[in-house]
Amino acid sequence: MGAPRLDVYRDIHKALRAELFETARRLGRADWRDPAEVEALQARVGRLITELRDHVRHEEEHMHPLIERRVPGLVGPLRADHAAQEAFLDEFEAFAERVFAMAADDPMRPRAGLEVYRTLSRFIAIYLPHLEHEETTITRALWELSTNEEIAETYGRLIGTMPREELRGSLEIMLPAINPHERAELLGGIRAGMPDFYSEAAAVAQRVLSAEEWSALQRELSG
Ligand SMILES: [Fe+2]
């Protein structure tokens, strides 16, 4: 066995799954007559849609050219999946916005809210096989046909060219969704590769993790 290969999808896919499942759960239990709860949901759904769109953009800009250089046939179906996801998200966003905008005492809002929940659940159903395809077929192709250095360089460019605010947003959803070992790898990678961003990244970790998780992470990083 050689050194473990870099799994570029691991942390962000865990984060997106966690956000999708948690948002669906909250939509399922929401009181659609409560304006404060609906406002919080609206913000959460908006953030989720932005994260999903950003993720597609990063894959297409950075990962696809690497895949295409070695296995051109794999990129077409990925692009088609992404186009279908984007079309679904556009419709979902427009529909959810209409429901969020209904009056709190509109007797139809809870029923329409149920449809928001079911529509997101349908999105999850088409999205999960796509994530799995990237984690299996695409990752195997990357590992077979690219060196560790090429993958690390591409991934480094993806992270390095992300606006800092977007990167902070990704860390916010990734850190609570991954395990202690992966957290240490993620922050250790930032410390080594983007030292000027490290204190910001550590501040995000401290904010989004529990006190125990944060101390455990600090111990792993100093060990
Ligand atoms: Fe993708």
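Treat the numbers as computed from the prediction; the structure is a model and nothing was measured. (Residues numbered from 1 in each chain as written. Predicted model: local features only at pLDDT ≥ 70, side-chain atom pairs only at ≥ 80, totals over all residues. Heavy atoms only, no water.)

1. Observations regarding the overall build of the protein chain
This is how it is decided: A run of H or I in DSSP becomes a helix once it reaches four residues, and a run of E becomes a strand once it reaches two; helices and strands are each numbered from the N terminus. In this treatment the radius of gyration is a C-alpha quantity, and the globule benchmark scales as 2.2 Å times the residue count to the 0.38 power. Burial classes follow relative accessibility: with a 1.4 Å probe on protein chains only, a residue under 20% of its type's maximum area counts as buried, one over 50% as exposed, and anything between as partly exposed. Should any heavy atoms of two residues lie within 4.5 Å, those residues are counted as being in contact. Where accessible areas are quoted, they stem from the Shrake-Rupley method and a 1.4 Å probe; at the residue level, only the protein chains shown are allowed to cover.
The secondary structure content of the protein chain amounts to nine helices and zero strands. Over its C-alpha atoms the protein chain spans a radius of gyration of 19 Å, differing by no more than 12% from the 17 Å that the globule rule assigns to 223 residues. C-alpha atoms of the protein chain, sized along the principal axes, occupy 60 × 45 × 30 Å. Counting only residues that meet the buried cut, the protein chain has 40% of its 223 residues in that class. Taking all contacts inside the protein chain whose residues are at least 6 apart in sequence as the whole, residues at least 24 apart take part in 74%. For the protein chain, the accessible area works out to roughly 11,500 Å², and carbon and sulfur atoms hold 55% of it.

2. Re the packing of helix α7 (residues 180-193) against helix α9 (residues 211-222)
As a reminder of what qualifies: Axis lines are fitted through C-alpha atoms, for helices just across the contact stretch, and the angle between N-to-C directions can take any value from 0 to 180 degrees. Here the angle decides the label: under 35 degrees means roughly parallel, over 145 means roughly antiparallel, 65 to 115 means roughly perpendicular, and every other value means oblique. Should the near helix be turned counterclockwise from the far one by less than a right angle, the crossing is left-handed, whereas a clockwise turn marks it as right-handed.
At a minimum axis distance of 9 Å, the contact between α7 and α9 shows a crossing angle of 60°. As the angle between them shows, α7 and α9 are arranged oblique. Of the two possible hands of crossing, α7 and α9 adopt the one that is right-handed. Contact residues: α7 offers Pro180, His181, Arg183, Ala184, Leu187, Gly188 and Arg191, while α9 offers Glu213, Leu217, Glu220 and Leu221.

3. Observations regarding the nonpolar core
Convention followed: Buried residues of nine kinds, namely Ala, Val, Leu, Ile, Met, Phe, Trp, Tyr and Cys, make up a nonpolar core once their side-chain atoms join them within 4.5 Å. Residue ranges labeled as domains rest on an automatic or database domain assignment.
If you look at the biggest cluster of nonpolar residues, it comprises 62 residues, and the most contacted ones within it are Trp32, Ile67, Leu120 and Leu171. Counting residues per element, this core draws most heavily on helix α4 (residues 109-145), at ten residues. Residues from two domains meet in this core; each of domain 1 (1-162) and domain 2 (164-223) gives at least three. Aside from chain neighbours lying at most four places away, what touches Leu120 is Leu20, Thr23, Ala24, Leu27, Leu48 and Phe92.

4. Digging into the coordination of the iron ion
Selection criterion: Water is absent from the atoms considered, so a metal site may look incomplete; donors are defined as N, O and S atoms within 2.8 Å of the metal, or 3.2 Å for Na, K and Ca. Geometry assignment treats four donors as tetrahedral when all angles are between 85 and 135 degrees, treats four as square planar and six as octahedral when opposite donors are over 155 degrees apart and all others between 65 and 115, and treats everything else as irregular.
Around the iron ion, the protein supplies Glu59 (OE), His82 (NE2), His130 (NE2) and Glu134 (OE) as donor atoms, at distances of 2.0 to 2.3 Å. Geometry at the iron ion is irregular, judged from the four donor atoms that bind it and their angles of 83 to 167° at the metal. Each donor residue of the iron ion belongs to the same chain, with the gaps between them written as E-x22-H-x47-H-x3-E. Taken together, the residues Glu59 in helix α2 (residues 35-70) and Glu134 in helix α4 connect sequence positions 75 residues apart. The exposure class assigned to Glu134 is buried, which follows from its relative accessible area of 1%.

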